[in-house]
Amino acid sequence: MEIRTRNGSYEVRLADFDRAMAALPGGCFVVTDENVAALHGHRLPASCQTVVVPAGEGSKSLGTYQGVVERLLDLGADRGSTVVALGGGVVGDLAGFVAATFMRGVRLIQVPTSLVAMVDSSVGGKVGLDLPTGKNLIGAFYPPSMVLVPVDALETLPRRHLANGMAEVWKYAYILDRELGERLESFEAVPAGEEMAEVVSRCICLKAEVVEQDELDRHGRRAVLNFGHTVGHALEVLTGYESLLHGEAVAIGMVAEAKLGERLGLTPAGLSERLRADLERSGLPTRHELLGRTEDVLRAMRRDKKAEAGVLAFSLLTDYGSCRLVAGVSESDVECALMEACGA
Ligand SMILES: NC(=O)c1ccc[n+]([C@@H]2O[C@H](COP(=O)([O-])OP(=O)(O)OC[C@H]3O[C@@H](n4cnc5c(N)ncnc54)[C@H](O)[C@@H]3O)[C@@H](O)[C@H]2O)c1
Ligand SMILES: [Zn+2]
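Bear in mind that the values here come from a model prediction, so they are computed numbers and not experimental data. (Residues numbered from 1 in each chain as written. Chains lettered and ligands numbered in written order. Predicted model: local features only at pLDDT ≥ 70, side-chain atom pairs only at ≥ 80, totals over all residues.)

1. A few points about the overall build of the protein
What counts here: The helix count covers DSSP runs of H or I at least four residues long, the strand count covers runs of E at least two residues long, and both are numbered beginning at the N terminus. Any residue with 12 or fewer other C-beta atoms within 10 Å of its own C-beta is exposed, any with 20 or more is buried, and the rest are partly exposed; the C-beta atoms used are placed from the backbone.
Tallying secondary structure elements over the protein gives 13 helices and eleven strands in all. Here the C-alpha coordinates of the protein stretch approximately 60 × 40 × 35 Å along the principal axes. Buried residues in the protein amount to 48% of all 344 residues.

Dropping the structure here:
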């Protein structure tokens, strides 16, 4: 599949891991993390050189960034080199930012190995780093020259991270594609094998369609992807990014925001509970006691960069498979929805 950008286009190709490796150009520089290196490092082409970073969000830091750049220089990388981001979203964002800035930009190939990276971070061109004061505060739009998606790599992904990615998959279904949702509901458990390949491919198409309409995140179209994220981000902030994975916070956030939509008369009644059941079947949490601390959640939401000029904006469901951006939601409606979502 071809994704158009303002400067051309790039190809996204599903391939098994070994085929993806065979498609890499000779002499490329693979950036990966220690988990992926331990599990799959032996399958890399002999002509590639590898830079391994610690696993986890901590690697999206200026310190790790500098370390990678220095290592690339030691290994002889130059302006004509290709950087390959082999890993989850952390490696994708870090190696992507390295590629965007090393010698003012070198070729980037994304090889996402987590479900989050496959359906979300590897497509759309956003790359970046965190600062101690906040996540993704440094970054660039830097589309890759190619994305190779080895769906079979998910076989080694821990279950919690698989569920984490399913939160974004359900998000695409509920905001954009009821057919995808019903297909997911027909599976007995989290999809695997061919079923997963079909789901991943559909999600990439959906994200690509949205991103093509608003590549630089300026017209509001890309913001529809934030369903569940306004409440979700607030929960991540309030839990110090420790106890909840992003997808888990988003799952809880999606149910709360579906309740909000129901409250405002935008979302059909009962859809929030259908969503809750779907998320729970995928092993995701859908409640959190912190939702009941409505003042804290609201404060965190007001500070979020998405709450421009203090106005709370949400991407809310208008049906199963459609959504729209709603700005200026009243805080009392949000409070009621939060209380309802936490079961109080
Ligand atoms: N750029 C974007 O548009 C975008 C979108 C969504 C998320 N993100 C970023 O992505 C990051 C989260 O991504 P993530 O959830 O993939 O986290 P991650 O990269 O930390 O990967 C999750 C865990 O799975 C491990 N892992 C990855 N692939 C594996 C495999 N095949 N087998 C076994 N273990 C494997 C990793 O080592 C890690 O421990 C965040 O930093 C977030 O900000 C960016
Ligand atoms: Zn997300």
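2. Observations regarding the domain arrangement of the protein
Reports often express the size of an interface as the amount of accessible area lost when the parts come together. Using the following cut-off: Here the bounds of each domain stem from an automatic or database domain assignment. Here the nonpolar group is Ala, Val, Leu, Ile, Met, Phe, Trp, Tyr, Cys and Pro; Asp, Glu, Lys and Arg are the charged ones; every other residue, Gly included, is treated as polar.
Each assigned domain of the protein is listed with its residue range as follows: domain 1 (2–156) and domain 2 (159–341). For domain 1 versus domain 2, the separation of C-alpha centres amounts to 26 Å. At the level of secondary structure, the elements contributing two or more residues to the side of domain 1 that touches domain 2 comprise β1 (2–5), β2 (8–14) and α5 (115–121). Element by element, the count of residues in the side of domain 1 that touches domain 2 is highest for α5, at five residues. Split into classes, the residues belonging to the side of domain 1 that touches domain 2 amount to twelve nonpolar, four polar and three charged.

3. Observations regarding the nonpolar core
For clarity, the cut-off: Working definition: the nonpolar core is a set of buried Ala, Val, Leu, Ile, Met, Phe, Trp, Tyr and Cys residues, joined through C-beta atoms within 7 Å. Two residues qualify as being in contact provided that their C-beta atoms, derived from the backbone, are within 7 Å of each other.
With 106 residues, the main nonpolar core has Val31, Val83, Val84, Leu94 and Val98 as its most contacted residues. If you count residues domain by domain, this core takes at least three from each of domain 1 (2–156) and domain 2 (159–341). With residues up to four places along the chain from it excluded, the contact list for Leu94 reads Val31, Val53, Ser59, Lys60, Thr64, Tyr65, Val68 and Leu129.

4. What about the pairing of strand β9 (residues 146–149)?
To be explicit about the condition: A pair of strands counts as paired when DSSP detects no fewer than two bridges linking them.
With burial as the criterion, each face of β9 is covered, one bearing Met146 and Leu148 and the other bearing Val147 and Val149. Strand direction decides the pairing type here: β2 and β9, joined by four bridges, are parallel. Bridge assignment links Val12 to a residue of β9, and that residue is Val147. In this structure, strand β6 (residues 107–112) lies alongside β9, joined through two bridges in parallel fashion. Following the sheet pairing, Gln110 is matched in β9 by Val147.

5. Examining the site of ligand 1
Quick note on the threshold: Any residue qualifies as near a molecule or strand once its backbone-derived C-beta atom lies within 6 Å of it.
Near ligand 1 lie 29 residues; those nearest to it are Asn35, Gly88, Gly89, Ser114 and Ser121. At the level of secondary structure, the elements contributing two or more residues to the shell around ligand 1 comprise α2 (34–40), α4 (89–101), α5, β8 (134–141) and α6 (159–176).

6. Remarks on the sheet that holds strand β4 (residues 49–53)
This is how the line gets drawn: A fitted line through C-alpha atoms represents every axis, and for helices the fit uses only the stretch in contact; the resulting angles, taken between N-to-C directions, go from 0 to 180 degrees.
In space, the seven strands of this open sheet follow the order β1-β2-β9-β6-β5-β3-β4, with mixed pairing throughout. Pairing within the sheet leaves two strands with one partner each, and these edge strands are β1 and β4. With direction set aside, neighbouring strand axes in the sheet form an average angle of 20°. Sheet analysis places β1 next to β2, joined by four bridges and oriented antiparallel. Among the inter-strand pairings, Ile3 is bridged to a residue of β2, identified as Tyr10.

7. A closer look at unusual backbone geometry
You will see that Met103, though not glycine, has its phi angle at about 55°, which is positive. Here Met103 shows up in the loop between α4 and β6. Phi angles above zero are rare outside glycine, and Asp217 is one such case at about 60°. Structurally, Asp217 can be placed in the loop between α8 (193–213) and α9 (229–238).

8. Describing the environment of Arg43
Among the secondary structure elements, Arg43 is positioned in the loop between α2 and β4. When the C-alpha atoms of Arg43 and Val123 are compared, they prove to be 24 Å apart, with 80 residues separating the residues in sequence.

9. Points about α8
Put simply, the rule reads: By this rule the span expected of a helix is its residue count minus one, scaled by 1.5 Å.
With 21 residues, α8 ought to run about 30 Å at 1.5 Å a step, and its terminal C-alpha atoms sit 31 Å apart, in line with that. Restricting attention to buried positions, one finds in α8 the residues Met196, Val199, Val200, Arg202, Cys203, Ile204, Leu206, Lys207 and Val211. Residues of α8 that are buried make contact with β2, α5, β9, α6 and α7 (178–186).

10. Considerations on helix α13 (residues 331–341)
Here is the rule: Our arc is simply the arc of the directions from the helix axis toward the C-beta atoms.
Every buried residue of α13 is listed here: Val334, Ala337, Leu338 and Ala341. Taken around the axis of α13, the buried residues stretch over an arc of 100°, which confines them to a single face. Those residues of α13 hidden inside the fold are in contact with α10 (246–263) and α12 (294–303). Trailing α13 by a residue or two, Gly343 shows a phi angle of about 85°, which is positive.

11. Quick look at the packing of α10 against α13
The condition that has to hold: Here roughly perpendicular refers to angles of 65 to 115 degrees, roughly parallel to angles under 35, roughly antiparallel to angles over 145, and oblique to all remaining angles. Helix crossings fall into two classes, left-handed where the near helix is turned counterclockwise from the far one by less than a right angle and right-handed where it is turned clockwise.
Interaxial distance between α10 and α13 falls to 8 Å at its minimum, and their mutual angle equals 125°. In terms of their interaxial angle, α10 and α13 are classed as oblique. The handedness of the crossing between α10 and α13 is right-handed. On α13, the residues that touch Val255, Ala256, Lys259, Leu260 and Arg263 of α10 are Asp333, Val334, Cys336, Ala337, Leu338, Glu340 and Ala341. A class-by-class count of the residues in the contact of α10 with α13 yields eight nonpolar, no polar and four charged.

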